[in-house]
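In case you want the letters, here they are:
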Amino acid sequence: MQGSWKTAWQIAFTYIGTVVGAGFASGKEIIEFFVRYGFQGLIGIVLAMGLFIWSGTRVMLIAYRIQADSYQTISTYLFGHPFGTVFNALLLTVLLGMTSVMLAATGSIFWESFHLSPQLGIWFSMLMIFVVTRKGLFAIHQVNSIFVPLLVGFTLLVFFYVQPWEQPLIVTESQRPWAWLSSPLYYVALNVSLAQAVLVPIGRNSQSEKPLIAGGLIGGAGIGLLLLLAYFSLTVKMPDIQYVEMPMIALLHDFGHTISLLFSLLVYAEVFSTLVANVFGLSIQLQQATRLRTPTIIALILLISYVISFVGFGSLLRFLYPLFGQLVVFFLVMLLYRQWRDRTC
């Protein structure tokens, strides 16, 4: 029983670490999807938490029950053969695009937090990603088991430092009245569909369903908790905070150089862990479609992402995140449909 709970917590940390990437850890993603909608964005976070718990758990259970080799198998299971192939191609494109966003984020962190060349940050990250990704799923578990508890601690630090309970909640008017409701759907659909890169191997390799259910519950609730803490912290500094590349780091500038530097390192670690998960998932998928060796595939993924990353972190996030979220929202729809259809599952 003790081993089952240990596995559940490892799964939860990996789930959180995969979702908490460049946009989340920096705060940029939270502003785009939730904070800018004021109180309605808060309702959106509660909705997103429930969706994260349900959808992440469902993906792992499906992978366990059908022994899915990759998320291509999941796509075929959900959409059928013709549409599953199309969706999988779309997912590969989205995953590559998001990897490019996060790679650009490593350059932004090196520049804004360490005053070092963005290119140095990107190339250093590419080298480390190449080394860690080759070690497989075990290395991803280990990385997230270390960094996710630290991220929770630092997010709490930011929350208590800015004291949002002493500030009025900023209420904003959106030009799209129902955007606050569709935003969490896009956000969860995007993140869970991409998190399949790690969730599917976890489900397939599990010894039973219990740690998957517990891990999905803890992980989804943990993501929701982090969203809530970050939401209240960022709201205090709106609207000015939305114009910086790394809002969460900017919140700690007055806290002292040491704390700000440590949080910057942690944000980098979370971005790095998600990059490793994305590249790992892409490499598994492409290895099945080609005869190339794993190191060659990883190198190609990194080089393509590097070229796309020249667009810049902020620009990529503002354009690609909402677009990709809308494209993959059908993933959640089909996940719900299959659960309704296969009621015995």
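As a reminder, the structure under discussion sits directly above these lines.
Here's a quick rundown of the structure.

Cut-offs and rules
- Residues numbered from 1 in each chain as written.
- Predicted model: local features only at pLDDT ≥ 70, side-chain atom pairs only at ≥ 80, totals over all residues.
- Heavy atoms only, no water.
- Axes fitted to C-alpha atoms, helices over the stretch in contact; angles between N-to-C directions.
- Helix = DSSP H or I, 4+ residues; strand = E, 2+ residues; numbered from the N terminus.
- Parallel < 35°, antiparallel > 145°, perpendicular 65-115°, else oblique.
- Contact = heavy atoms within 4.5 Å.
- Salt bridge = Lys/Arg side-chain N within 4 Å of Asp/Glu carboxyl O.
- Buried < 20%, exposed > 50% of the residue type's maximum accessible area, 1.4 Å probe, protein only.
- 1 Å grid on protein atoms, 1.4 Å probe; cavity = no way out; pocket = protein on both sides within 12 Å on 5 of 7 lines; lining within 4 Å.
- Points joined across faces, edges and corners; volume = space filled by probe spheres on them.
- Nonpolar A, V, L, I, M, F, W, Y, C, P; charged D, E, K, R; others polar.
- Expected span 1.5 Å × (residues − 1).
- Core = buried A, V, L, I, M, F, W, Y, C linked by side-chain atoms within 4.5 Å.
- Phe/Tyr/Trp six-rings, centres within 6.5 Å; stacked < 30°, edge-to-face > 60°.
- Lys NZ or Arg CZ within 6 Å of the ring centre and 35° of its normal.

Here we look at the packing of helix H6 (residues 81–114) against helix H9 (residues 179–205)
For step 1, the next point in the chain: It is the contact of H6 with H9, at a shortest axis distance of 10 Å, that shows an interaxial angle of 95°. Considering their axes alone, H6 and H9 lie roughly perpendicular with respect to each other. Between H6, through Leu91, Val94, Leu95 and Met98, and H9, the contact on the second element is made entirely by Leu190, Ser193, Leu194, Gln196 and Ala197.

Some thoughts on the pattern of salt bridges
For step 1, the next point in the chain: A complete count under the given rule lists one salt bridge for this structure.
For step 2, the next point in the chain: Here glutamate 209 makes a salt bridge to arginine 65, at a shortest N to O gap of 2.7 Å. Residue glutamate 209 is found in the loop between H9 and helix H10 (210–235), and its partner arginine 65 is found in helix H4 (residues 39–66); the two are separated by 144 residues along the sequence.
For step 3, the next point in the chain: Here glutamate 209 falls in the partly exposed class, since its relative accessible area comes to 25%.
For step 4, the next point in the chain: Arginine 65 sits in the partly exposed class, given a relative accessible area of 34%.

What to know about empty space enclosed by the protein
For step 1, the next point in the chain: What the rule picks out here adds up to three cavities of 30 Å³ or more.
For step 2, the next point in the chain: Its volume calculated, the largest cavity comes out at about 60 Å³.
For step 3, the next point in the chain: The set of elements that each furnish at least two residues to the lining of the largest cavity consists of helix H1 (2–19), H9 and helix H12 (257–289).
For step 4, the next point in the chain: Of the residues forming the lining of the largest cavity, the biggest block, four residues, is contributed by H9.
For step 5, the next point in the chain: Each residue belonging to the lining of the largest cavity can be placed in one class, and the counts come to five nonpolar, four polar and no charged.

Concerning helix H13 (residues 294–308)
For step 1, the next point in the chain: With 15 residues, H13 should reach 21 Å at 1.5 Å per residue; the first-to-last C-alpha distance of 22 Å fits that figure.
For step 2, the next point in the chain: If you check which residues of H13 are buried, you get Pro295, Ile297, Ile298, Ile301, Leu302, Ser305 and Tyr306.
For step 3, the next point in the chain: Among the structural elements, H6, helix H7 (118–133) and H12 are those in contact with the buried residues of H13.

A short note on the nonpolar core
For step 1, the next point in the chain: Membership of the largest hydrophobic core comes to 97 residues, with the highest contact counts inside it found for Phe34, Phe52, Leu78, Ile129, Leu227, Phe263 and Phe331.
For step 2, the next point in the chain: Among all residues touching phenylalanine 34, those that are not within four sequence positions of it are Gly41, Gly44, Ile45, Ala48, Pro184, Tyr187, Leu227 and Tyr231.

Let's talk about the packing of aromatic side chains
For step 1, the next point in the chain: All chains considered together, the criterion is met by 16 aromatic pairs.
For step 2, the next point in the chain: Geometrically, the ring pair formed by phenylalanine 79 and phenylalanine 87 is stacked, given 4.5 Å between the ring centres and 25° between the ring planes. There is no split in this pair, since phenylalanine 79 and phenylalanine 87 are both buried.
For step 3, the next point in the chain: Residues phenylalanine 110 and phenylalanine 114 carry aromatic rings whose centres are separated by 5.5 Å and whose planes lie at 85° to one another, so their mutual orientation is edge-to-face. On the criterion of helical spacing, the pair formed by phenylalanine 110 and phenylalanine 114 is a turn pair, its members being four residues apart in helix H6.
For step 4, the next point in the chain: Note on phenylalanine 110: relative accessible area 9%, which makes it buried.
For step 5, the next point in the chain: A relative accessible area of 19% places phenylalanine 114 in the buried class.
For step 6, the next point in the chain: Positioned above the aromatic ring of tyrosine 77 is the side chain of arginine 338, whose terminal nitrogen or guanidinium carbon lies 4.1 Å from the ring centre.

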